[in-house]
Amino acid sequence: MNNESQIRLLIENWAAAVRNRDLDTILAHHSADIVMYDVPPPFESIGIEAYRNTWDIFFKYTKPGVFDIQELNIIADEHLAFCYATMKCSDKSDSGEYVELPFRLTIGLKKTGNQWEIMHEHHSIPAK
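Residues numbered from 1 in each chain as written. Predicted model: local features only at pLDDT ≥ 70, side-chain atom pairs only at ≥ 80, totals over all residues. Heavy atoms only, no water.

### Some points on the overall build of the protein
Of the regular secondary structure elements, the protein holds three helices and six strands. Counting from the amino terminus, helix and strand elements in the protein follow one another as α-α-β-β-α-β-β-β-β. Taken over C-alpha atoms, the radius of gyration comes to 14 Å for the protein, in line with the 14 Å a tight globule of 128 residues would show. For the protein, the C-alpha atoms occupy an extent of roughly 45 × 30 × 25 Å along the three principal directions. Per-residue burial over the protein gives 34% buried out of 128 residues. Long-range contacts, defined as pairs at least 24 residues apart, comprise 50% of the intrachain contacts of the protein with a sequence gap of at least 6. Put simply, the protein shows about 7,300 Å² of open surface, and 53% of that area lies on carbon and sulfur atoms. Positive and negative charge centroids in the protein, built from 12 and 19 side chains respectively, lie 5 Å apart. (Helix = DSSP H or I, 4+ residues; strand = E, 2+ residues; numbered from the N terminus. Rg over C-alpha atoms; globule rule 2.2 N^0.38 Å. Buried < 20%, exposed > 50% of the residue type's maximum accessible area, 1.4 Å probe, protein only. Contact = heavy atoms within 4.5 Å. Areas by Shrake-Rupley, 256 points an atom, 1.4 Å probe, with all protein chains shown as cover. Lys, Arg positive; Asp, Glu negative; His and termini not counted. Charge placed at Lys NZ, Arg CZ, Asp CG, Glu CD.)

Have a look at this one:
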């Protein structure tokens, strides 16, 4: 399997884990010193434990089973990769009702040995 295919599978499995609320699989393939920028506070999460904690907030306000990749683009060489995607979830943080929430995802990865590892995630929503 080439690098792009490996990364695509990794990200698709990560998104499926989010839909299934499977925290162990969500965290798999993330660096111990990951840096994530997110929409809800905290704005910046540094390290795997801080990243883990953001999922509690996410699961509190989002509908189970909705975390879909709309379009995924991958640029990779033998050691580094950059991905960007449009995504969709269903969120109720602004009201009691779930509403569709389109968002953008950017991921930076590095390859150590034969394994890709996520070093950076950035989630953003369009400005209102």
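### Digging into the pattern of salt bridges
Across all of its chains, the model carries four salt bridges by this definition. Across the pair E4 and R8 runs a salt bridge, and its minimum N-O distance is 3.6 Å. Taken as a pair, E4 and R8 lie in helix α1 (residues 3-20) at a separation of four residues, close to a single helical turn. Among the ionic pairs, K88 bridges to E100, the shortest N-O distance being 3.8 Å. Of this pair, K88 sits in strand β4 (residues 80-91) while E100 sits in strand β5 (residues 99-112), and the two are twelve residues apart along the sequence. By relative accessible area, K88 is classed as partly exposed at 23%. Since its relative accessible area comes to 58%, E100 is described here as exposed. (Salt bridge = Lys/Arg side-chain N within 4 Å of Asp/Glu carboxyl O.)

### Some remarks on the environment of N2
By the element assignment, N2 lies in the segment before α1. Overall, N2 belongs to the partly exposed group, its relative accessible area being 47%. For the pair N2 and L101, spaced 99 residues apart in sequence, the C-alpha to C-alpha distance is 32 Å. Engagement of the side chain of N2 in a polar contact is seen with the backbone nitrogen of E4, the distance being 3.2 Å. (Polar contact = N/O pair within 3.5 Å; in protein donor to acceptor, adjacent residues only side chain to side chain.)

### Some thoughts on a nonpolar patch on the surface
Taken together, the side chains of I75, F82 and Y84 define a hydrophobic patch exposed on the protein surface, amounting to about 290 Å² of accessible area. Along the polypeptide, Y84 turns up in strand β4. The exposure class of Y84 is partly exposed, given its relative accessible area of 38%. (Patch = residues over 30% accessible without salt bridge, like charges linked within 9 Å, V, L, I, M, F, W, Y side chains within 5 Å.)

### Topic: helix α3 (residues 48-61)
Taken together, the buried positions of α3 are Y51, T54, W55 and F59. Seen end-on, α3 carries its buried residues on one side only, within an arc spanning 135°. Of the exposed residues in α3, those oriented more than 90 degrees away from the buried face are D56 and K60. The inward-facing, buried residues of α3 abut α1, α2 (23-27), β1 (30-37), β2 (44-46), β3 (62-76) and β6 (115-124). (Arc of directions from axis to C-beta.)

### Comments concerning α1
For α1, with 18 residues, the first-to-last C-alpha span of 26 Å sits near the 26 Å given by 1.5 Å per residue. Those residues of α1 that fall on the buried side of the exposure criterion are N3, I7, L10, I11, W14, A15, A17 and V18. For α1, the angular spread of buried residues about the axis comes to 155°, placing them on one side. Backbone nitrogen of E4 and a side-chain oxygen of the N-cap are separated by 3.2 Å at the start of α1; the cap is N2. (Expected span 1.5 Å × (residues − 1).)

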